[in-house]
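# Architecture and fold: a report
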Amino acid sequence: MIIRTPMAATAEGPVAAMYDSDIAEDGFVFAHTQAMAVNPEAYAAFEALVHAVVPSIGVRVYEAATLGAARAIGSPHCLLAHGRRAVRIGQVDEAGLAAFGEGDDSAFDPAEQAVIRYAERLSREPEAMTDADSQRLRDAGFSDRQLVDITLAAAARNYFSRALQALAVPVDPMPGLSVAVTEALTGGTAARRTDGSAPPADR
């Protein structure tokens, strides 16, 4: 990553808030947070979009859309962050998350599996999508508003994940995820922290 990011020691305002959130949660500032801190207003706009779609679909469906898109894109940053979130909210256990990383969605309920498949198709070949794709979500019980918000959640993940990849943002290990799960999600691409140390991971 060649961009120069704000220093934690001199961070102020929204940037300081972004950094403080990471430190309070995990004890260090993630590389992806540092990259997004170059334009904190854009990051706030992304967060506002997320907050606009989650109320209609709920956190579990949001995470399913996010994970489906992240897997299709091959985004280690988002697979790790949202994989950990899915475990923490009880959506899947670590074994189910590792299986997801290897292409097995069976740990998710049927409606969530439909969302994962939809998000993957949106991320890989949106130009080929038709009403038949949306119909599969409708058949899974989702309303018009939910169809739109699932689509926005997956599309937003494409925006965020692809920006991180384009900037070659380093991938930090995710504290709280085992090495085995991390490798299943990323194929071993999670790097050491930019200061040379590795955050603790449950083993």
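Preceding this section is the structure that the text describes.
My aim in this report is to walk through the structure given alongside it, one point at a time. (Residues numbered from 1 in each chain as written. Predicted model: local features only at pLDDT ≥ 70, side-chain atom pairs only at ≥ 80, totals over all residues. Heavy atoms only, no water.)

## Side note on the pattern of salt bridges
Put simply, the rule is: Salt bridges are defined as contacts in which a side-chain nitrogen from Lys or Arg sits within 4 Å of a carboxyl oxygen from Asp or Glu. Type-normalised accessible area, obtained with a 1.4 Å probe on protein chains alone, sets the label of each residue: buried when under 20%, exposed when over 50%, and partly exposed for intermediate values. A run of DSSP states H or I qualifies as a helix once it reaches four residues; a run of E qualifies as a strand once it reaches two. Both are numbered from the N-terminal end.
In the structure shown here, the tally under the stated rule is eleven salt bridges. For the salt bridge of Arg121 with Glu125, the shortest nitrogen-to-oxygen distance reads 2.5 Å. Residue classification places Arg121 among the partly exposed positions, given a relative accessible area of 24%. Notably, a salt bridge pairs Asp149 with Arg145, separated by 2.6 Å at the nearest N-O pair. Of the two residues, Asp149 and Arg145 both sit in helix H8 (residues 144-166), four residues apart, roughly one turn of that helix. Overall, Asp149 belongs to the buried group, its relative accessible area being 3%. Each of Arg121, Glu125, Asp133 and Arg136 takes part in one network of salt bridges that share partners.

## Topic: the side chain of Asp172
The cut-off we apply is this: N or O atoms closer than or at 3.5 Å make up a polar contact, with two conditions inside protein: a donor-capable atom paired with an acceptor-capable one, and, for residues adjacent in sequence, both atoms drawn from side chains.
Relative to the helices and strands, Asp172 is located in the loop between H8 and helix H9 (179-186). Residue Asp172 is classed as buried on the basis of its relative accessible area, which comes to 6%. Engagement of the side chain of Asp172 in a polar contact is seen with the backbone nitrogen of Ala31, the distance being 2.7 Å.

## Description of H8
Where we set the bar: The span you would expect from a helix comes to 1.5 Å times its residue count less one. In what follows, a contact means two residues having at least one pair of non-hydrogen atoms within 4.5 Å.
Between its first and last C-alpha, H8 extends 33 Å over 23 residues, near the 33 Å set by a 1.5 Å rise per residue. Listing the buried residues of H8 in full gives Gln146, Leu147, Asp149, Ile150, Ala153, Ala154, Ala156, Arg157, Asn158, Phe160, Ser161 and Leu164. In the core, the buried residues of H8 are packed alongside helix H2 (31-36), helix H3 (40-73), helix H4 (76-88), helix H6 (110-124) and helix H7 (131-139). Just beyond H8, the residue with positive phi is Ala168, at close to 55°.

## Topic: the packing of aromatic side chains
Under the convention used in this document: Any Phe, Tyr or Trp ring, taking Trp's six-membered ring, that has another such ring centre within 6.5 Å forms a pair; planes under 30 degrees apart are called stacked, those over 60 apart edge-to-face, and the others tilted.
This structure, assessed with the given rule, holds five aromatic pairs. An angle of 50° between the planes, with centres 6.3 Å apart, marks the rings of Tyr43 and Phe160 as tilted. Highlighted residues: Tyr43 in helix H3 and Phe160 in helix H8, separated in sequence by 117 residues. Under the relative-accessibility criterion, Tyr43 is labelled partly exposed at 25%. Here the aromatic rings of Phe46 and Tyr159 are separated by 5.8 Å at their centres, their planes lie at 45°, and the arrangement is tilted. On the criterion of sequence distance, the pair formed by Phe46 in helix H3 and Tyr159 in helix H8 is long-range, its members being 113 residues apart. With relative accessibility at 43%, the residue Tyr159 sits in the partly exposed group. Grouped by ring-pair contacts, the aromatic residues Tyr43, Phe46, Tyr159 and Phe160 constitute a single cluster.

## Details of the packing of H3 against H4
Stated precisely, the cut-off is as follows: Lines fitted to C-alpha atoms define the axes here, with helix axes fitted over just the stretch in contact, and angles between the N-to-C directions of these axes take values from 0 to 180 degrees. In these notes the angle categories are as follows: under 35 degrees is roughly parallel, over 145 is roughly antiparallel, 65 to 115 is roughly perpendicular, and the rest is oblique. Each helix crossing is assigned a hand: it is left-handed if the near helix lies turned anticlockwise from the far helix by less than a right angle, otherwise right-handed if that turn is clockwise.
Interaxial distance between H3 and H4 falls to 9 Å at its minimum, and their mutual angle equals 150°. Accordingly, the angle class assigned to the pair H3 and H4 is roughly antiparallel. Crossing geometry of H3 relative to H4 is assigned as left-handed. Facing H3, whose interface residues are Tyr62, Glu63, Thr66, Leu67, Ala70 and Arg71, H4 presents Cys78, Leu79, His82, Gly83, Arg85 and Ala86.

## A look at the nonpolar core
Nonpolar side chains in soluble globular proteins tend to end up buried together. This is how the line gets drawn: Residues enter a nonpolar core if they are buried and are Ala, Val, Leu, Ile, Met, Phe, Trp, Tyr or Cys, with the set joined through side-chain atoms within 4.5 Å.
Formed by 55 residues in total, the largest nonpolar core has its most connected members in Phe100, Val115, Leu137, Ile150 and Leu185. Taken together, the elements giving at least two residues each to this core come down to helix H1 (13-26), H2, H3, H4, helix H5 (94-101), H6, H8 and H9. Considering every element that reaches this core, the biggest residue donor is H3, with twelve residues. When neighbours within four sequence positions are excluded, Val115 is seen to be in contact with Val61, Ala64, Ala65, Leu137, Phe142 and Ile150.

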